[in-house]
Amino acid sequence: MAKRLLYFNGLAILGVMLFHGTGWGFVAMFSWAARYQGATAVPFSQMGSPAYYALRAIEQLVAATIPAFLFVSGYFAAFAAGRSGMIAWRVVWGRVKKFLPPYFFWGVIALVMLAIQGIIFTPWRYLVSFLTGDMTPAYYYVPLIIQFYAISPFLAPLAKHHWRLLLLAAVLVQLAVQVAQMGVIMRWDMPAVFGFIAAWPKWFFPVRILWFVLGMVVGFHLSSFKEVLTRWRWALLALALLLLPSGILEWEWLLQQSGQPWVDHRETVLDSVYAVALIFAFLGFDQARLPGVKLISDLGSKAFGIYLAHIPVMEVVARGTYHVTPGLLAYQLPFAVLVALVSLVIPLLLMNFIDLLPPIRRYYNYVFG
Amino acid sequence: MNHETILLEYIKQELLRGRKSDLKVEDDLLSNGIIDSLGILQLVAFIEERFHIQVPDEDVVFENFQSVKVLSDYLAKF
């Protein structure tokens, strides 16, 4: 089971590529429609088209990717604690300092790309960007995971000795966040505290705490979970398959109720249940033969580097298409898949290039982690 | 080559990419940030392929992967 987590990480990074690819697909569908429909393009006229639902289906399918990454990280926080159940601060620092150079490297590239587009910040704003990861929509993950490692020494004894209580607390916190966010979308009249919770940014650890805690709990109590998950694996898979279309319907309903033409996708309660079912089903099918083990596990080992590097590449590919071959933007599904594929291949080529050149090979970890 | 030498070489070349050529068998792999969580999994995959053994999940624990020496001692049991 544990050894499959590398493969799971590989699936998760493929999911991230597709998720961000579909994001650009929606940009092409709505914001860039005039580029292929002409000046008469009607905003959001393609809402509800087959391409729209195809992109939504992909987005929903891969909704478990960030939970999967955090789960794997939590699992290995438990690993680092060992049988003592204590995580040494130097282990935390050892982990955090590996994240920083690649994050800084790619963060600077993202900020330079913004500057090229005329978006220049004050020094204070640049500092805030690095602290929150908001130089791109995806880099929040790095401050988020650093926070989780920073609190892991406090979580570890709880995950080992009081895991039910910890899990319940994590479920309640995440539930509160998701209900509050849903309330904002639906314009519910909520108590002030929910308005406060809904404003928590995605880089703030309570927003995603369940996944890291779940990984830690499973890591500490593997044999107990293994037995249960193996027994219930088919039910878990069925639940995940059932929740996939339910999640799409839920989001459509939310969108309709919100009265807005578009709301950026965020994790809902159903998405969370789907992610739990999918993660547990994967772990439950421990003995199943998986396709492309070597290839996907290899991607899993490079996931952090791919995650950071694909964002600027994706931006260049998408904007390049806008300028060079705008006709392709009319075919949002192939466009999204193409953007995802190219943005996976280019970082991999770059990784292999650096890996094969002895004079610069030693700097690989500073660029890709 | 014995386990220690093979593991040391793999970690230096594949996981550290020649960054820390003075790695010793007693060095604490996790506490010193030499390898991370995914590195542990890569190491397990390498061990299984190279030494033709199956490392049970229950044995993928910090106590068996603390250093190259500890890991070699664990592998000697197979």
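Residues numbered from 1 in each chain as written. Chains lettered and ligands numbered in written order. Predicted model: local features only at pLDDT ≥ 70, side-chain atom pairs only at ≥ 80, totals over all residues. Heavy atoms only, no water.

Focus on the overall build of chain A
Phase 1 of the analysis: Per the secondary structure count, chain A includes 18 helices and 0 strands.
Phase 2 of the analysis: Taking 369 residues into account, the globule formula puts the C-alpha radius of gyration at 21 Å, and chain A, at 21 Å, falls close to it.
Phase 3 of the analysis: Along the three orthogonal principal directions, the C-alpha set of chain A runs to about 65 × 55 × 45 Å.
Phase 4 of the analysis: Across the 369 residues that make up chain A, the buried fraction comes to 54%.
Phase 5 of the analysis: Across chain A, every contact between residues at least 6 apart in sequence was considered, and the portion connecting residues at least 24 apart equals 80%.
Phase 6 of the analysis: Side-chain charges of chain A comprise 25 positive and 13 negative groups, with the mean position of each set lying 12 Å from the other. (Helix = DSSP H or I, 4+ residues; strand = E, 2+ residues; numbered from the N terminus. Rg over C-alpha atoms; globule rule 2.2 N^0.38 Å. Buried < 20%, exposed > 50% of the residue type's maximum accessible area, 1.4 Å probe, protein only. Contact = heavy atoms within 4.5 Å. Lys, Arg positive; Asp, Glu negative; His and termini not counted. Charge placed at Lys NZ, Arg CZ, Asp CG, Glu CD.)

As for the confidence of the model for chain B
Phase 1 of the analysis: The predicted model of chain B has a mean per-residue pLDDT of 88, with 99% of residues at 70 or higher.
Phase 2 of the analysis: This prediction of the complex comes with two scores: 0.93 for pTM and 0.87 for ipTM. (pLDDT = per-residue confidence, 0-100.)

Section: the interface of chain A and chain B
Phase 1 of the analysis: On the chain B side, the residues contacting the 32 residues of chain A number 31 residues.
Phase 2 of the analysis: For the pair chain A and chain B, the summed buried area comes to about 2800 Å², and 53% of that belongs to carbon and sulfur atoms.
Phase 3 of the analysis: By the criterion of area lost to chain B, the three top residues of chain A are Lys-3, Phe-79 and Arg-361 of chain A, representing 26% of everything that side buries.
Phase 4 of the analysis: The tally of links from chain A across to chain B stands at 5 salt bridges.
Phase 5 of the analysis: The interface formed by chain A and chain B contains 4 residue pairs in polar contact (both at pLDDT 80 or more).
Phase 6 of the analysis: Put simply, the parts of the chain that give the side of chain A that touches chain B at least two residues each are α1 (5-29), α4 (65-81), α5 (89-116), α11 (222-231), α14 (293-301) and α18 (364-368) of chain A.
Phase 7 of the analysis: No other element matches α5 of chain A, which puts 6 residues into the side of chain A that touches chain B.
Phase 8 of the analysis: When grouped by side-chain class, the residues that make up the side of chain A that touches chain B number 13 nonpolar, 7 polar and 12 charged. (Buried area = accessible area lost by both parts, 1.4 Å probe. Salt bridge = Lys/Arg side-chain N within 4 Å of Asp/Glu carboxyl O. Polar contact = N/O pair within 3.5 Å; in protein donor to acceptor, adjacent residues only side chain to side chain. Nonpolar A, V, L, I, M, F, W, Y, C, P; charged D, E, K, R; others polar.)

Quick look at the nonpolar core
Phase 1 of the analysis: Grouped together as the largest cluster of nonpolar side chains are 138 residues, with contacts concentrated most on Leu-283 of chain A together with Ile-11 and Ile-47 of chain B.
Phase 2 of the analysis: Sort the elements by how many residues they give to this core and α4 of chain A lands first, with 13 residues.
Phase 3 of the analysis: Counting only domains with at least three residues in this core, you end up with domain 1 (1-62 + 289-369) and domain 2 (63-271) of chain A.
Phase 4 of the analysis: Excluding residues within four positions of it along the chain, Ile-47 of chain B makes contact with Leu-7, His-52, Ile-53, Val-55, Phe-65, Leu-71 and Leu-75 of chain B. (Core = buried A, V, L, I, M, F, W, Y, C linked by side-chain atoms within 4.5 Å. Domains from an automatic or database assignment.)

Focus: empty space enclosed by the protein
Phase 1 of the analysis: Going through the model one piece at a time under the given rule, you end up with 2 cavities of 30 Å³ or more.
Phase 2 of the analysis: Reported here for the largest cavity is a volume of approximately 150 Å³.
Phase 3 of the analysis: Lining the largest cavity are 17 residues; nearest its centre among them are Ala-80, Val-91, Arg-95 and Tyr-149 of chain A together with Leu-30 of chain B.
Phase 4 of the analysis: For the lining of the largest cavity, the secondary-structure elements that each account for two or more residues are α4, α5 and α7 (141-161) of chain A.
Phase 5 of the analysis: Of the residues forming the lining of the largest cavity, the biggest block, 5 residues, is contributed by α5 of chain A.
Phase 6 of the analysis: Classifying every residue of the lining of the largest cavity by side-chain character gives 10 nonpolar, 4 polar and 3 charged.
Phase 7 of the analysis: By volume, the second largest cavity is sized at about 40 Å³.
Phase 8 of the analysis: The wall of the second largest cavity is formed by Gln-178, Gln-181, Met-182, Ile-185, Trp-251, Leu-254, Arg-266, Glu-267 and Thr-268 of chain A.
Phase 9 of the analysis: With 4 residues, helix α8 (residues 163-186) of chain A is the largest single contributor of residues to the lining of the second largest cavity. (1 Å grid on protein atoms, 1.4 Å probe; cavity = no way out; pocket = protein on both sides within 12 Å on 5 of 7 lines; lining within 4 Å. Points joined across faces, edges and corners; volume = space filled by probe spheres on them.)

Re the side chain of Thr-132 of chain A
All names here are of chain A.
Phase 1 of the analysis: With respect to the helices and strands, Thr-132 occurs in helix α6 (residues 123-132).
Phase 2 of the analysis: Under the relative-accessibility criterion, Thr-132 is labelled buried at 10%.
Phase 3 of the analysis: Dropping the residues within four chain positions of it, Thr-132 is found in contact with Tyr-103, Tyr-140, Pro-143 and Trp-203.

Comments concerning the layout of surface pockets
Residues and elements named next belong to chain A.
Phase 1 of the analysis: Computed from the structure, the second largest pocket encloses a volume of approximately 1300 Å³.
Phase 2 of the analysis: Lining the second largest pocket are 46 residues, and of these Phe-19, His-20, Pro-137, Lys-202 and Asp-264 sit closest to its centre.
Phase 3 of the analysis: Of all the elements in the fold, those that place two or more residues in the lining of the second largest pocket are α1, α4, α5, α8 and α15 (303-324).
Phase 4 of the analysis: At 7 residues, α1 tops the list of elements feeding residues into the lining of the second largest pocket.
Phase 5 of the analysis: Its residues assigned to classes, the lining of the second largest pocket comprises 28 nonpolar, 9 polar and 9 charged.

A look at the side chain of Arg-56 of chain A
Phase 1 of the analysis: Examined against the element boundaries, Arg-56 of chain A turns out to sit in helix α3 (residues 50-61).
Phase 2 of the analysis: When sequence neighbours within four positions are dropped, the list of residues in contact with Arg-56 of chain A reads Phe-26, Gly-247, Ile-248, Trp-251, Glu-252 and His-265 of chain A.

Structural notes on the packing of α5 of chain A against α15 of chain A
All names here are of chain A.
Phase 1 of the analysis: Contact geometry of α5 with α15 gives a least axis separation of 10 Å together with a crossing angle of 5°. As far as their axial angle goes, α15 and α5 are roughly parallel. Contact residues: α5 offers Phe-99, Pro-102, Tyr-103, Trp-106, Ile-109 and Met-113, while α15 offers Phe-304, Leu-308, Ala-309, Pro-312, Glu-315 and Val-316.
Phase 2 of the analysis: Class assignment of the residues belonging to the contact of α5 with α15 gives a composition of 11 nonpolar, no polar and 1 charged. (Axes fitted to C-alpha atoms, helices over the stretch in contact; angles between N-to-C directions. Parallel < 35°, antiparallel > 145°, perpendicular 65-115°, else oblique.)

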